[in-house]
Amino acid sequence: PQPATAESYAVDHVAYVIEFRARSMPPDGGAYGLFGRGDRTNGNTCFCIYYDHEGRALAHVKSTIPFSRSFASPAGHIRTDRWHTLTFALDRADGTLTLELDGQVIARQPMAVDITNPPQSLRHRQMPLQIGYVRVQPYAFAPYEPESEHCRFDGLIRAFRIEHR
């Protein structure tokens, strides 16, 4: 494992923010990806933010140590009739992962037992950040098993930014 660096520290105290308007909802059992890094095919770090046919915002995070978390908002949050601002925040200081929608916390999850472990980073240089697509695999994101075409976001993205927190 790589030790923490100034770069990884900065990346691990951030909020990823996307402003979007969904054109359609995914098919039953499917998911549309909003943004993420990696696809979990090589066992390395990844995180994916997406939404399902019930309008739930979901997050899956896997780090370079044996650590994996999935969590979701209640149904009905993502709608096709309006613009949304979705924030995925990672804060190692208090050990939480948070999803916020339109300024309100809709889901929160403890990050891990040992949040001070330096290798626990969401930065992985070989895996670029992807916007509008994440590969949602059944063994990583159960119970979803969409076809690859169901992982692509269907709608408009007005802005995407990474904020230091």
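Residue positions are counted from 1 within each chain, in the order its sequence is given. In keeping with the predicted nature of the model, local features appear solely for residues at pLDDT of at least 70, side-chain atom pairs appear and are counted solely at 80 or more, and the whole-chain, interface and lining totals rest on all residues. Values shown for side chains rest on all heavy atoms present in the structure; no hydrogens or waters enter the calculation.

### Remarks on the packing of aromatic side chains
Turning to step 1, where the next piece is worked out: Between rings of Phe, Tyr and Trp, where Trp is taken as its six-membered ring, a pair exists when centres lie within 6.5 Å; planes separated by under 30 degrees are stacked, by over 60 edge-to-face, and by other angles tilted. The full count for this structure, using the stated rule, is nine aromatic pairs.
Turning to step 2, where the next piece is worked out: Consider the rings of Phe20 and Phe153, whose centres lie 5.8 Å apart with planes at 85°: the pair is edge-to-face. With a gap of 133 residues between them, Phe20 in strand E1 (residues 13–22) and Phe153 in the loop between strand E9 (129–131) and strand E10 (155–164) connect regions that are remote in the sequence. The two residues Phe20 and Phe153 agree in class, both being buried. In this description a helix means any DSSP run of H or I spanning at least four residues, a strand means any run of E spanning at least two, and both kinds are numbered starting from the N terminus. Classification of residues uses two cut-offs on accessible area relative to the type maximum, computed with a 1.4 Å probe and protein chains only: under 20% is buried, over 50% is exposed, and between them is partly exposed.

### Structural notes on the nonpolar core
Turning to step 1, where the next piece is worked out: Residues belong to one nonpolar core when they are buried, are Ala, Val, Leu, Ile, Met, Phe, Trp, Tyr or Cys, and are joined through side-chain atoms within 4.5 Å. Among the nonpolar cores identified, the biggest contains 26 residues, and Leu34, Phe35, Leu86, Phe88 and Leu99 are the most heavily contacted of them.
Turning to step 2, where the next piece is worked out: Of all the elements in the fold, those that place two or more residues in this core are E1, strand E2 (31–37), strand E3 (46–52), strand E4 (57–62), strand E6 (84–91), strand E7 (96–101) and strand E8 (104–110).
Turning to step 3, where the next piece is worked out: No other element matches E1, which puts five residues into this core.
Turning to step 4, where the next piece is worked out: Here Leu99 is in contact with Ile49, Ala57, Leu58, Ala59, Phe71, Leu86, Thr87, Phe88, Gln104, Val105, Ile106 and Ala107, once residues within four sequence places are set aside.
Turning to step 5, where the next piece is worked out: Of all hydrophobic cores here, the second largest spans five residues; its members include Ala31, Tyr50, Leu58 and Val134. Throughout, a contact is declared for two residues whenever any of their heavy atoms are within 4.5 Å.

### Some points on the sheet that holds E3
Turning to step 1, where the next piece is worked out: Pairing is antiparallel across the open sheet formed by five strands, whose spatial order is E5-E4-E3-E2-E9. Since the sheet does not close on itself, it has two edges, and those belong to strand E5 (68–72) and E9, each with one partner. Strand-to-strand, the axes of this sheet are offset by a mean angle of 20°, without reference to chain direction.
Turning to step 2, where the next piece is worked out: Strands were regarded as paired on the criterion that DSSP finds at least two bridges between them. Relative to E4, E3 runs antiparallel, the two being bridged by six bridges. Note on E4: the bridge partner recorded for Ile49 is Ala59. To get an axis, a line is fitted to the C-alpha atoms, and for a helix only the part in contact is used. The angle between two axes follows their N-to-C directions and goes from 0 to 180 degrees.

### What about the environment of Gly55?
Turning to step 1, where the next piece is worked out: Tracing the chain through its elements places Gly55 in the loop between E3 and E4.
Turning to step 2, where the next piece is worked out: Between the C-alpha atoms of Gly55 and Ser73, which are 18 residues apart in sequence, the distance is 8.7 Å.
Turning to step 3, where the next piece is worked out: Contact partners of Gly55, with chain neighbours within four places excluded, come to Met25, Ser73, Pro74, Ala75, Gly76, His77 and Ile78.

### Notes on the environment of Pro110
Turning to step 1, where the next piece is worked out: Here Pro110 shows up in strand E8.
Turning to step 2, where the next piece is worked out: The sequence separation of Pro110 and Asp91 amounts to 19 residues, and the corresponding C-alpha distance is 9.8 Å.
Turning to step 3, where the next piece is worked out: Filtering out sequence-adjacent residues up to four positions away, Pro110 remains in contact with Arg69 and Gly95.

### Overview of the confidence of the model for the protein chain
Turning to step 1, where the next piece is worked out: For the protein chain, the mean per-residue pLDDT works out to 75, and 64% of the residues sit at or above 70.
Turning to step 2, where the next piece is worked out: Counted against residues more than four places away or in other chains, residues 1–10, with its pLDDT under 50, gives eleven contacts.
Turning to step 3, where the next piece is worked out: pLDDT gives the predictor's per-residue confidence on a scale running from 0 to 100. In this model residues 138–146 is a low-confidence stretch, pLDDT under 50, and it forms 27 contacts with partners more than four residues away in sequence or in other chains.

### Focus: the pattern of salt bridges
Turning to step 1, where the next piece is worked out: Think of a salt bridge as a Lys or Arg side-chain nitrogen and an Asp or Glu carboxyl oxygen that are within 4 Å of each other. Counted according to the given criterion, the structure contains eight salt bridges.
Turning to step 2, where the next piece is worked out: Among the salt bridges present, the one from Asp102 reaches Arg82, with a minimum N-O distance of 2.8 Å. Taken together, the residues Asp102 in the loop between E7 and E8 and Arg82 in the loop between E5 and E6 connect sequence positions 20 residues apart.
Turning to step 3, where the next piece is worked out: Looking at Asp102, the relative accessible area reads 30%, which means it is partly exposed.
Turning to step 4, where the next piece is worked out: Judged by its relative accessible area of 33%, Arg82 falls in the partly exposed class.
Turning to step 5, where the next piece is worked out: Bridged by salt links that share partners, the residues Glu19, Arg158, Arg161 and Glu163 form one connected network.

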